[in-house]
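# What the coordinates show
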Amino acid sequence: EGMARKGKRELARYLNIALGSLSETACQLYAARAVGLISEETYRRMSATHQNAGRLTWLYYAAIRRRLTEEK
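Overview of the structure.

Analysis parameters
- Residues numbered from 1 in each chain as written.
- Predicted model: local features only at pLDDT ≥ 70, side-chain atom pairs only at ≥ 80, totals over all residues.
- Heavy atoms only, no water.
- Patch = residues over 30% accessible without salt bridge, like charges linked within 9 Å, V, L, I, M, F, W, Y side chains within 5 Å.
- Areas by Shrake-Rupley, 256 points an atom, 1.4 Å probe, with all protein chains shown as cover.
- Salt bridge = Lys/Arg side-chain N within 4 Å of Asp/Glu carboxyl O.
- Helix = DSSP H or I, 4+ residues; strand = E, 2+ residues; numbered from the N terminus.
- Buried < 20%, exposed > 50% of the residue type's maximum accessible area, 1.4 Å probe, protein only.
- Expected span 1.5 Å × (residues − 1).
- Contact = heavy atoms within 4.5 Å.

Bringing a nonpolar patch on the surface into the picture now. Among the surface-exposed residues, Leu56, Trp58 and Leu59 lie close enough to one another that they form a single nonpolar patch of about 320 Å² accessible area. Inspection of the secondary structure assignment puts Trp58 in helix α2 (residues 40-71). Here Trp58 falls in the partly exposed class, since its relative accessible area comes to 47%.

Written out as structure tokens, the structure reads:
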């Protein structure tokens, strides 16, 4: 969704929203494991995927923010 927007500022905004959504996902994964909806193994696999997505999104966000700062 953010890629369809014009400009780095809009992209940074949508990446920031994505990071918030990733945080919500972590809470939902934890809750699903706590009440037994998913197994420990499933939790570990999904958590690893979540962490990787978060790392990649954060790196992309940070790069865009750096470029915005350099343009000022």
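Before going further, it helps to examine α2. Because each turn of an α-helix spans 3.6 residues, side chains separated by three or four positions end up pointing in the same direction. For α2, built from 32 residues, the straight-helix expectation of 46 Å at 1.5 Å per residue is met to within 8% by its first-to-last C-alpha distance of 46 Å. Within the sequence span of α2, burial applies to Tyr43, Ser47, His50, Gly54, Thr57, Tyr61, Ala62, Ala63, Ile64 and Leu68. Its buried side turned inward, α2 meets α1 (8-34).

This paragraph deals with the pattern of salt bridges. Taken as a whole, this structure holds five salt bridges when the rule is applied. Measuring nitrogen to oxygen at the nearest pair gives 3.1 Å for the salt bridge that ties Glu41 to Arg44. Of this pair, Glu41 and Arg44 both sit in helix α2, separated by three residues, roughly a single helical turn. Residue Glu41 is classed as partly exposed on the basis of its relative accessible area, which comes to 41%. Through salt bridges with shared partners, a single network forms among Arg33, Glu40, Glu41, Arg44 and Arg45.

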